[in-house]
Amino acid sequence: MIRNKYILIAFRLVVGGMFIWAGISKIIDPLGFAQNIANYRVFPEGISFFLALVLPWIEVICGVFLILGIFLSASALLLSGFLVVFLVLIAATLIRGIDIDCGCFGSLSGKVDYKLILTDSILLFFCLNIYFSPKMVQIKSK
Amino acid sequence: MALKKLLQQIVLILFLSLIIGLGINFSLIKKYLQGDFQFGFISLEKYDSITFITLGEAEGLFSEGEALFIDSRPKEAFQTGHILGAVNLPVEEYKEEKALDLIFLPPEGTVVIYCDGNECNSSLELAKVLHQKGLIDIKIFFGGWIEWMREELPVSSENDPQ
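Residues numbered from 1 in each chain as written. Chains lettered and ligands numbered in written order. Predicted model: local features only at pLDDT ≥ 70, side-chain atom pairs only at ≥ 80, totals over all residues.

**Looking at the overall build of chain B**
Heads up, the condition is: Only DSSP runs of H or I with at least four residues qualify as helices, and only runs of E with at least two residues qualify as strands; both kinds are numbered from the N terminus onward. Any residue whose C-beta has 12 or fewer other C-beta atoms within 10 Å is treated as exposed, any with 20 or more as buried, and any in between as partly exposed, C-beta atoms being built from the backbone. Working definition of a contact: two residues with C-beta atoms, positioned from the backbone, lying within 7 Å.
Across its full length, chain B holds seven helices and seven strands. Tracing chain B from N to C terminus, the helices and strands come up as α-α-β-α-β-α-β-β-α-β-α-β-α-β. Across the 162 residues in chain B, those meeting the buried criterion constitute 31%. The long-range fraction of contacts in chain B, counting pairs at least 24 apart against all pairs at least 6 apart in sequence, stands at 69%.

Pasting the structure below:
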């Protein structure tokens, strides 16, 4: 695990920024995102709709908290959980051979592919580093 | 203690997101409960050129011969079999402008888009693209290829020359 405070602060900014951007792009088009979730053919229609309304706000709030240094452990853990779920969904989609947009960044989303696994894995690595050293980053960044 | 605090913070974040997410989208939730999105998550006010049609309506338009049928399934599926006279605009290609230019799209005529059936969404995605291209009468036949086949309506297994 990385202990350098500047690197950890950079991780917070990168992950926070990415999730704020991802969340906002979905918030402006909730129906488009609901359709994106439905396209994965994993959740029933009602669940897809509910997730599309709430999930982007979790992303934005956690992203803002990461950048501001509020509830760092909780935010990093929640986003790590999301990234694990995203990775499982992406892998399952690739294995099933479904050709869809990932829905990661609203209308700017790319296709579900192996590059996406790499991006999400890097973000997960950043998130876990933040989670496992929250106190140090929180104190020294203030 | 640390775990309890962590859980409290997680619950707080989730609760906050729930309140904001559901509060801001209250009107959408109302529409959902009224059954507005039973065919797909699309705002028919925003995409006012799009309507959903049944098998009977699709058959009627087919008999009249005025509408252009567009198959949004992958090329291989299209070549195996499609609605007679339909053109293919697969999901992996239609986002590129070039693919759209290859097909003559009647700006004021009717187009009927279909894919496999209820489980597919490419017809909906394509309809949105065609709406943005300025088509004014886009019909989505949600029953798609499966319903058409089930009723043994006219099909072709050749790749129609374009």
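Read on, since the account is not over.
**Examining the interface of chain A and chain B**
Put simply, the rule is: Just so you know the grouping, Ala, Val, Leu, Ile, Met, Phe, Trp, Tyr, Cys and Pro go in nonpolar, Asp, Glu, Lys and Arg go in charged, and all remaining residues, Gly too, go in polar.
Across the contact, 21 residues belong to chain A and 23 residues belong to chain B. Taken together, the elements giving at least two residues each to the side of chain A that touches chain B come down to helix 2 (30-39), helix 3 (45-68) and helix 4 (72-96) of chain A. In terms of residues, the side of chain A that touches chain B owes the most to one element, helix 3 of chain A, which gives seven residues. For the side of chain A that touches chain B, the residue count by class is 15 nonpolar, four polar and two charged.

**Considering the pairing of strand 6 (residues 137-141) of chain B**
Residues and elements named next belong to chain B. Here is the rule: Should DSSP find at least two bridges between two strands, the strands are regarded as paired.
Of all five residues in strand 6, four are buried; the element is thus mostly enclosed. Pairing of strand 1 (residues 50-53) with strand 6, which is carried by four bridges, proceeds in the parallel orientation. By the bridge assignment for strand 6, I53 is matched with F141. In this structure, strand 5 (residues 110-114) lies alongside strand 6, joined through four bridges in parallel fashion. Note that in strand 6 the partner of V111 across the bridge is I138.

**Notes on the sheet that holds strand 4 (residues 87-88) of chain B**
Residues and elements named next belong to chain B. As summarised here, the arrangement of the five strands in space is 1-6-5-2-4, forming an open sheet in which the pairing is parallel. Single-partner strands in this sheet number two, and they are strand 1 and strand 4. Pairing of strand 2 (residues 68-71) with strand 5, which is carried by four bridges, proceeds in the parallel orientation. Each bridged residue has a counterpart across the sheet, and for L68 the counterpart in strand 5 is V111.

**Here's the deal with helix 1 (residues 2-24) of chain B**
Using the following cut-off: The span you would expect from a helix comes to 1.5 Å times its residue count less one.
Compared with an ideal rise of 1.5 Å per residue, which puts 23 residues at 33 Å, helix 1 of chain B spans 33 Å between its outermost C-alpha atoms and is within 8% of the ideal. Turning to helix 1 of chain B, its buried residues number three or more, namely I13, S17 and G21 of chain B. In this structure, the buried side of helix 1 of chain B is in contact with helix 3 and helix 4 of chain A.

**A few points about the environment of L135 of chain B**
Residues and elements named next belong to chain B. Note that L135 resides in the loop between helix 6 (122-132) and strand 6. Look at L135 and you get buried, because 20 C-beta atoms sit within 10 Å. On a C-alpha basis, the gap between L135 and V111 in space is 8.5 Å, while along the polypeptide they are 24 residues apart. The residues contacting L135, other than those within four sequence positions of it, are S49, L105, P107, V111 and L130.

**Regarding the environment of V54 of chain A**
Tracing the chain through its elements places V54 of chain A in helix 3. Taking the C-alpha atoms as reference points, V54 of chain A and P30 of chain A, 24 residues apart in sequence, are found 9.5 Å from one another. Once residues within four sequence positions are removed from consideration, V54 of chain A is found in contact with S17, L18, G21 and L22 of chain B.

**Section: the UniProt feature "transmembrane region" (unreviewed entry) in chain B**
Note the following rule: UniProt positions are given in the numbering used here, feature names are shortened, and annotations may be inferred rather than shown by experiment.
Here the UniProt-annotated "transmembrane region" (unreviewed entry) positions come out as residues 6-29 of chain B. In this annotation, residues 6-29 of chain B is assigned 96% helix and 0% strand; the end-to-end C-alpha distance for the span is 31 Å.

**Describing the environment of N121 of chain B**
Turning to its location among the elements, N121 of chain B is positioned in the loop between strand 5 and helix 6. Owing to 20 C-beta atoms within 10 Å, N121 of chain B belongs among the buried residues under this scheme.

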